[in-house]
Amino acid sequence: MLAQNIASSAAALIGRRRSVRRTLFHSGAKAAAVLGLALMALQPSAAAAQQTYVVGSDRGGYLHDRLIELKNLQQNGVRVEIRGKVCYSTCTMFLGLPGACVDPATTFGFHGPSRGGRRLTQEKFDYFSRVMAGYYPAPLKSWFMAEGRNRISGVHKISGREIIRMGVPACRNA
């Protein structure tokens, strides 16, 4: 909001016409200063968009907590690189973030939603399966809904190389 106010002040100063040359110079200098402030205020947003979050070995966690984390990363335009030895359970949901990439050597582990390893009601199982699958590229989503979600104990392991073949880009220098 501050950046918008500064930018509109700069635009107003630049748009004004003055008949006196000296006033033009000073108004132009003021406009340039205000425009510079506006650009400085915008820089943190641009810097945030260029931030990278590197996921090391991550064995998952609670779906609710991961959804909050994913929302925050997405809202702030943070790029995600999955580079750990393993990415299991809810960690696999990072795959659905824009610009996410994977290390071909990472092992991904998939299983269906449960409550502490116990089956959910069919309605909840289907709902939370769809929530998780919503973060996967199409080929992985189809496999997960048909097969991957049916394992509750242990995980189905898929290599990063296979995830890359399913449409998620490899990280540079991986």
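To be clear, the structure that these remarks concern was listed above.
Let me sum up the structure you'll find in this document. Bear in mind the structure is a predicted one, so any value in this text is a computation, not a measurement. (Residues numbered from 1 in each chain as written. Predicted model: local features only at pLDDT ≥ 70, side-chain atom pairs only at ≥ 80, totals over all residues. Heavy atoms only, no water.)

**What about the overall build of the protein chain?**
The line we're drawing: Going along the chain from the N terminus, every DSSP run of H or I of four or more residues is numbered as a helix, and every run of E of two or more is numbered as a strand. Think of it in three bands: with a 1.4 Å probe and only protein chains considered, a residue is buried below 20% of the maximum accessible area for its type, exposed above 50%, and partly exposed in between.
Along its length, the protein chain carries six helices and six strands. Listing the helices and strands of the protein chain from first to last along the sequence gives α-α-β-α-β-β-β-β-α-α-β-α. Here the protein chain, with 174 residues, has 37% of them falling under the buried criterion.

**Describing the layout of surface pockets**
To keep it simple, the criterion reads: The method works on a 1 Å grid over the protein atoms by themselves. A cavity is a set of points holding a 1.4 Å probe that cannot get out, a pocket is an open set with protein on both sides within 12 Å along at least five of seven lines, and residues with an atom within 4 Å of a point line them. Grid points are joined across faces, edges and corners, and a volume is the space filled by probe spheres set on the points. For this classification, the nonpolar set comprises Ala, Val, Leu, Ile, Met, Phe, Trp, Tyr, Cys and Pro, the charged set comprises Asp, Glu, Lys and Arg, and every other residue, Gly included, is treated as polar.
Looking at the largest pocket, its volume works out to about 480 Å³. In terms of lining residues, the largest pocket is bounded by 19 residues, among which G61, Y62, L63, S114 and R115 are the most central. Looking at the lining of the largest pocket, the elements with two or more residues in it are α3 (63–75) and α4 (122–133). Top element by residues in the lining of the largest pocket is α3. It accounts for three residues. For the lining of the largest pocket, the per-class residue count stands at eight nonpolar, nine polar and two charged.

**Some thoughts on the side chain of D58**
Put simply, the test is: Polar contact criterion, stated in full: a pair of N or O atoms within 3.5 Å, where within protein one must be able to donate a hydrogen and the other to accept it, and residues adjacent in sequence count only if both atoms are side-chain atoms. Here, residues are in contact when the closest pair of their heavy atoms is within 4.5 Å.
Locating D58 in the fold gives a position in the loop between β1 (52–55) and α3. Since its relative accessible area comes to 14%, D58 is described here as buried. In terms of polar contacts, D58 uses its side chain to reach the backbone amide nitrogen of G60, at 2.8 Å. Sequence-distant contacts of D58, defined by excluding residues within four places in its chain, comprise R66, V86, C87, Y88, C91 and F94.

**Things to note about the nonpolar core**
Put simply, the rule reads: Residues grouped as a nonpolar core are buried Ala, Val, Leu, Ile, Met, Phe, Trp, Tyr and Cys residues, joined through side-chain atoms within 4.5 Å.
In terms of nonpolar packing, the biggest core is built from 27 residues, with I82, F94, L95, F110, Y136 and I163 touching the most fellow members. Put simply, the parts of the chain that give this core at least two residues each are α3, β2 (79–82), β5 (107–110), α4 and α5 (138–146). Apart from residues no more than four positions distant in its own chain, I163 is found in contact with L95, V102, F108, F110, L140, I158 and V168.

**Examining the packing of aromatic side chains**
Cut-off, in case you're wondering: Aromatic pairs are defined between Phe, Tyr and Trp rings, using the six-membered ring for Trp, whenever the two ring centres lie within 6.5 Å; interplanar angles under 30 degrees are classed as stacked, those over 60 as edge-to-face, and all others as tilted. We call a charge positioned above a ring when the Lys NZ or Arg CZ atom is no farther than 6 Å from the ring centre and deviates by at most 35 degrees from the ring normal.
For the structure on display, the rule yields five aromatic pairs. Pairing F110 with Y136 gives two aromatic rings, centres 5.4 Å apart and planes at 80°, and the pair type is edge-to-face. Residue F110 is found in strand β5, and its partner Y136 is found in the loop between α4 and α5; the two are separated by 26 residues along the sequence. Comparing F110 with Y136, the two get one shared label, buried. Taking the centre distance of 5.6 Å and the plane angle of 80° together, the rings of F110 and W143 count as edge-to-face. Taken together, the residues F110 in strand β5 and W143 in helix α5 connect sequence positions 33 residues apart. Feature note: the residues F110, Y136, W143 and F144 constitute an aromatic cluster, connected by ring pairs. Above the ring of F125, the side-chain terminus of R119 is found at 5.2 Å from the ring centroid.

**Quick notes on unusual backbone geometry**
A positive phi is found at S89, a non-glycine position, where the angle reads about 55°. By the element assignment, S89 lies in the loop between β3 (86–88) and β4 (101–102).

**Some details on the sheet that holds β4**
Formally: A pair of strands is labelled paired if DSSP reports no fewer than 2 bridges between them.
Ordered by their spatial adjacency, three strands build an open sheet running β1-β2-β4, and the pairing between neighbours is parallel. The sheet is open, and its two edges are formed by β1 and β4, each paired on a single side. The sheet contact formed by β1 and β2 spans four bridges and is parallel. Its bridge partner being in β2, Y53 is matched across the sheet by V80.

**Some remarks on α3**
What counts, and what does not: Residue count minus one, scaled by 1.5 Å, sets the expected span of a helix. By construction, the arc corresponds to the directions joining the helix axis to the C-beta atoms.
An ideal rise of 1.5 Å per residue puts 18 Å on 13 residues; α3 measures up with 18 Å between its terminal C-alpha atoms. Those residues of α3 that fall on the buried side of the exposure criterion are L63, R66, L70 and L73. Projection of α3 onto a plane perpendicular to its axis shows the buried side chains occupying an angular sector of 90°, all on one side. Turned more than 90 degrees away from the buried face of α3, the exposed residues are H64, K71 and Q75.

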